[in-house]
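Listed below are the residues making up each chain.
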Amino acid sequence: MRKSIIISIRYITNYFLEILFPSKCIGCRVSGRMLCESCIKKLRKVDRETENNIMAIYDYRDPIVKKVIWNLKYYHSQKIGQELGRLLYYEMLEEIANIQIFSQGSPIYIVPVPISIDRKRSRGYNQSEIIAKSFCSSVKENILQLKNNIVTKKANTIPQAKITNRTKRLKNIKGAFEIKNPELVKGKTIIIIDDVTTTGATITEIIKILKKSGAKKVLGFAVAH
């Protein structure tokens, strides 16, 4: 009860703050949107290879990209998450079309990378889930279905951003996730959504357990790398 009250207060506060202090672009401070079209066009596209079955659209080394992600994760800027979900969808249109062909008309499940209960309680939301919801709502047809009840994080791990070594990242995240509803996974085509992928350890671990539970095809989409 206390948690829901705190989250409700945050939403109400953000609503009135938006009225009193309208959104300004994170890149250029122009009023109107958290990220204006001009700055979106300037965002550096990723040119580094990611792990197998993982794709990203922007380069995390771009100062604006990094600032956008930080605002989403640490400064409660949920609106930017909605914008990122929309951008991720439109940048991945060609790949989504190919996945649709593979799934033969069956819905594609969209699974946000889960965070621990403690982290969600302190933050009030899961940033990857906000991106995933917007990603799904960007298409009118019911081809993308959000599934946030399939993969859960069962262990509190050291934040991956604090670990630079890939081997240590893999070890840190190993066994941290579990499948809650394996019957929903078998034979399905699934896209995992995350805000940032660095070594790919987190998404790779989730791909592994989904495939083990019978998923037909699993890919990872991230906003930045």
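A short tour of the structure in this document, coming up. Being a predicted model, the structure only gives us computed values, none of them experimental.

As a further point, take the overall build of the protein chain. Within the protein chain, the secondary structure is distributed over 9 helices and 7 strands. Relative to its full complement of 225 residues, the protein chain shows a buried share of 47%. Counting contacts in the protein chain only where the partners sit at least 6 residues apart, residues at least 24 apart contribute 72% of the total. Accessible surface computed for the protein chain: about 12300 Å², of which carbon and sulfur atoms make up 53%.

This part is about the packing of helix α4 (residues 78-91) against helix α7 (residues 127-137). Where α4 contacts α7, the axes come no closer than 7 Å and their chain directions differ by 50°. Classified by the angle their axes make, α4 and α7 are oblique. Crossing geometry of α4 relative to α7 is assigned as right-handed. Residues Q78, G81, Q82, L84, G85, R86, L88 and Y89 of α4 form the contact with α7, whose own contacting residues are I130, I131, S134 and F135. Along the lines of polarity and charge, the residues of the contact of α4 with α7 split into 6 nonpolar, 5 polar and 1 charged.

This part is about the pairing of strand β1 (residues 54-58). Among the 5 residues that make up β1, 4 are buried, leaving the element largely enclosed by the rest of the structure. One ladder, built from 4 bridges, connects β1 with strand β7 (residues 217-224); its direction is parallel. In the sheet register, Y58 faces β7, and the bridge partner there is A224.

The final tally for this structure, using the stated rule, is 15 salt bridges. Note that R121 is salt-bridged to D118, the shortest N-O span being 3.0 Å. Of the two residues, R121 and D118 both sit in helix α6 (residues 117-123), 3 residues apart, roughly one turn of that helix. D118 gets classed as partly exposed once you look at its relative accessible area, which sits at 43%. Between K133 and E129 there is a salt bridge, with its nearest N and O atoms 3.6 Å apart.

This part covers the sheet that holds strand β6 (residues 189-196). Within a beta sheet, neighbouring strands are joined by backbone hydrogen bonds and run either parallel or antiparallel to one another. In spatial order, the strands read β1-β7-β6-β2-β3; together these 5 strands make up an open sheet with parallel pairing. The strands lining the two open edges of the sheet, one partner per strand, are β1 and β3 (144-146). Adjacent strand axes in the sheet meet at a mean angle of 25° when their direction is disregarded. Looking at chain direction, strand β2 (residues 108-112) and β6 are connected through 5 bridges and run parallel. Each bridged residue has a counterpart across the sheet, and for V111 the counterpart in β6 is I192. Taken strand by strand, helix α3 (residues 63-74) contacts β1, β6 and β7, and its axis lies near 100° from that of β6. Against the sheet, helix α9 (residues 201-212) contacts β1, β6 and β7, and its axis sits at roughly 165° relative to β6.

Moving on: a nonpolar patch on the surface. A surface patch of nonpolar side chains, amounting to about 360 Å² of accessible area, comprises W70, Y74 and Y75. Looking at the secondary structure, you find W70 in helix α3.

Within the structure shown, the criterion is met by 4 aromatic pairs. Taking the centre distance of 5.0 Å and the plane angle of 80° together, the rings of Y89 and Y90 count as edge-to-face. With relative accessibility at 8%, the residue Y89 sits in the buried group. Residue Y90 is classed as partly exposed on the basis of its relative accessible area of 45%. Counting every residue linked through ring pairs, the aromatic cluster contains Y89, Y90, F135 and F221. It is K147 that lies over the ring of Y109; its NZ or CZ is 4.9 Å from the centre.

What counts and how
Residues numbered from 1 in each chain as written. Predicted model: local features only at pLDDT ≥ 70, side-chain atom pairs only at ≥ 80, totals over all residues. Heavy atoms only, no water. Helix = DSSP H or I, 4+ residues; strand = E, 2+ residues; numbered from the N terminus. Buried < 20%, exposed > 50% of the residue type's maximum accessible area, 1.4 Å probe, protein only. Contact = heavy atoms within 4.5 Å. Areas by Shrake-Rupley, 256 points an atom, 1.4 Å probe, with all protein chains shown as cover. Axes fitted to C-alpha atoms, helices over the stretch in contact; angles between N-to-C directions. Parallel < 35°, antiparallel > 145°, perpendicular 65-115°, else oblique. Left-handed = near helix turned anticlockwise from the far one by under 90°. Nonpolar A, V, L, I, M, F, W, Y, C, P; charged D, E, K, R; others polar. Pairing = 2+ DSSP bridges. Salt bridge = Lys/Arg side-chain N within 4 Å of Asp/Glu carboxyl O. Patch = residues over 30% accessible without salt bridge, like charges linked within 9 Å, V, L, I, M, F, W, Y side chains within 5 Å. Phe/Tyr/Trp six-rings, centres within 6.5 Å; stacked < 30°, edge-to-face > 60°. Lys NZ or Arg CZ within 6 Å of the ring centre and 35° of its normal.

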